[in-house]
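# Observations on the three-dimensional arrangement
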Amino acid sequence: MPCRVRSFAPMARSFSASSRAMEKRYTEDHEWIELSDDKTTGTIGISTFAAKALGDVVFVELPSEGLEISQHETMGAVESVKSASDIMSPVSGTIAEVNTELESKPALINQSPEENGWLAKITLSNAAEVDNLMDAEAYSAFTEKAE
């Protein structure tokens, strides 16, 4: 597995929260999770900020379905023309589904990082962990400081 790289270069534009992104929660490592209405499952991906900082994504290592994972544990990796970066799980749970389309089309992460470029769906084992993640407004302020 590639080494963990977390040095994203400053961006020319800051992250802007869309109305859909207001439902998402973010980590300091630039992953996001969007919970289902019943808050038992979540969809995980990397943020628009991270996708832009990575540059053109050329390979995605997805987690295995059924994998039990702890919050902040490595669940996969993304490789770009600039670097490789581990993907950390924003919550604990069991991987229920992966976005297999990324295996043949890793550029979906660049084209639609917070929609079609999602990485995995997880069944949460501790929904309270989401409360410790940033909302879109806090994440926007966090990324502005990083610039």
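- Going by an unreviewed UniProt entry, the chain carries the name Glycine cleavage system H protein and comes from Dissoconium aciculare CBS 342.82.
- For the record of the chain, the UniProt heading Subcellular location (unreviewed entry) holds the text "Mitochondrion".

## So, the sheet that holds strand β7 (residues 84–88)
- Strand order in the open sheet formed by 3 strands is β4-β6-β7, and the pairing between neighbours is antiparallel. Single-partner strands in this sheet number two, and they are β4 (57–61) and β7. For this sheet, the mean angle separating the axes of adjacent strands, direction not counted, is 20°.
- Bridge count for β4 against strand β6 (residues 74–80) is 4 bridges, and the pairing is antiparallel. Across the sheet, residue valine 57 finds its bridge partner in β6, namely serine 80.

## Focus on the packing of aromatic side chains
- One pass over the full model with this rule turns up 2 aromatic pairs.
- Where tyrosine 26 meets tyrosine 139, the ring centres are 4.4 Å apart and the plane angle is 10°; that geometry is what we call stacked. One end of the pair, tyrosine 26, is in strand β1 (residues 25–26); the other, tyrosine 139, is in helix α4 (residues 136–146), and 113 residues separate them in sequence. Tyrosine 139 shares its class with tyrosine 26; the two are buried.
- Ring pairs connect the aromatic residues Tyr26, Tyr139 and Phe142, which therefore count as one cluster.
- The ring of tryptophan 32 has lysine 24 sitting right over it, with the charged end atom 4.8 Å from the ring centre.
- For the cation-ring pair, lysine 121 lies above tryptophan 118, with the distance from its terminal atom to the ring centre recorded as 5.0 Å.

Each value, and the rule that gives it
Residues numbered from 1 in each chain as written. Predicted model: local features only at pLDDT ≥ 70, side-chain atom pairs only at ≥ 80, totals over all residues. Heavy atoms only, no water. UniProt positions renumbered as here; feature names shortened; annotations may be inferred. Pairing = 2+ DSSP bridges. Helix = DSSP H or I, 4+ residues; strand = E, 2+ residues; numbered from the N terminus. Axes fitted to C-alpha atoms, helices over the stretch in contact; angles between N-to-C directions. Phe/Tyr/Trp six-rings, centres within 6.5 Å; stacked < 30°, edge-to-face > 60°. Buried < 20%, exposed > 50% of the residue type's maximum accessible area, 1.4 Å probe, protein only. Lys NZ or Arg CZ within 6 Å of the ring centre and 35° of its normal.

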